[in-house]
Amino acid sequence: VRSRRQRQDVYKRQVPIVDPVAEKAAFKIEVLTAIEKFEVHGFRDAGANSRLLMSGRVSRLNDVVNHQLGIRFIGSREGQLIFKDSLDFEYTKSL
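On a predicted model such as this, the values are computed, not experimentally measured, just so you know.

What follows concerns the sheet that holds strand 2 (residues 51-54). If you walk across this open sheet you meet the 3 strands as 1-2-3, and the pairing is antiparallel. At either margin of the open sheet sits one strand with a lone partner, and together these are strand 1 (40-44) and strand 3 (57-60). On average, each strand axis in the sheet is tilted by 20° relative to the strand beside it, whichever way the strands run. Looking at chain direction, strand 1 and strand 2 are connected through 4 bridges and run antiparallel. The partner of Arg44 across the bridge, within strand 2, is Arg51.

So, on to the sheet that holds strand 5 (residues 71-77). Ordered by their spatial adjacency, 4 strands build an open sheet running 4-5-6-7, and the pairing between neighbours is antiparallel. The two strands at the open ends of the sheet, each matched to only one other strand, are strand 4 (64-66) and strand 7 (90-94). The mean angle between the axes of side-by-side strands here comes to 40°, regardless of whether they run parallel or antiparallel. Against the sheet, helix 2 (residues 20-37) engages strand 4, strand 5, strand 6 (80-84) and strand 7, with an angle of about 25° to strand 7.

Let us now look at the side chain of Ser50. Mapped onto the secondary structure, Ser50 falls in the loop between strand 1 and strand 2. Judged by its relative accessible area of 3%, Ser50 falls in the buried class. At a separation of 3.4 Å, a polar atom in the side chain of Ser50 contacts the side chain of Asp45. From its side chain, Ser50 meets the backbone oxygen of Gly47 in a polar contact 2.8 Å long. Setting aside its immediate chain neighbours within four residues, Ser50 contacts Phe43, Arg44, Asp45, Ser59, Arg60 and Leu61.

Ranked by internal contacts, the top residues of the largest apolar core, which has 14 residues, are Val31, Ile35, Phe38, Val65, Ile71 and Phe83. Counting residues per element, the ones that place at least two in this core are helix 2, strand 2, strand 5 and strand 6. Per-element accounting of this core gives the leading share, 4 residues, to helix 2. Dropping the residues within four chain positions of it, Val31 is found in contact with Leu69, Ile71, Asp85 and Tyr91.

The subject of this paragraph is the pattern of salt bridges. This structure, assessed with the given rule, holds 3 salt bridges. Put simply, Glu90 and Arg77 hold a salt bridge, and the shortest N to O gap is 2.7 Å. Of this pair, Glu90 sits in strand 7 while Arg77 is found in strand 5, placing the two residues 13 residues apart along the sequence. Accessibility expressed as a relative area gives 42% for Glu90, which makes it partly exposed. Of the charged contacts, one joins Lys84 and Asp88 as a salt bridge, the two residues approaching to 3.9 Å between their closest N and O atoms.

About the thresholds
Residues numbered from 1 in each chain as written. Predicted model: local features only at pLDDT ≥ 70, side-chain atom pairs only at ≥ 80, totals over all residues. Heavy atoms only, no water. Pairing = 2+ DSSP bridges. Helix = DSSP H or I, 4+ residues; strand = E, 2+ residues; numbered from the N terminus. Axes fitted to C-alpha atoms, helices over the stretch in contact; angles between N-to-C directions. Contact = heavy atoms within 4.5 Å. Buried < 20%, exposed > 50% of the residue type's maximum accessible area, 1.4 Å probe, protein only. Polar contact = N/O pair within 3.5 Å; in protein donor to acceptor, adjacent residues only side chain to side chain. Core = buried A, V, L, I, M, F, W, Y, C linked by side-chain atoms within 4.5 Å. Salt bridge = Lys/Arg side-chain N within 4 Å of Asp/Glu carboxyl O.

Any functional reading would require information that these geometric values do not contain.
This is the structure in structure tokens:
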């Protein structure tokens, strides 16, 4: 029979410590890396009808361009493409 202290020690070893801030930072780095690797071949700025030709595919506003990370194409601003991830953080990529 284990003492209360022994049970607490076993529990502490079995439950991983999760740092939500570190997880978000790691996720943002993963998204940034994915966006840097995007191969943009063309962009047509036409307001609500804007199109992005990237990696051989045409994407419209709010289309998901990376399903694994939930990255969506949002539009453009001042010569930069705008993307958002599944946590609603915004990222930019120069044209």
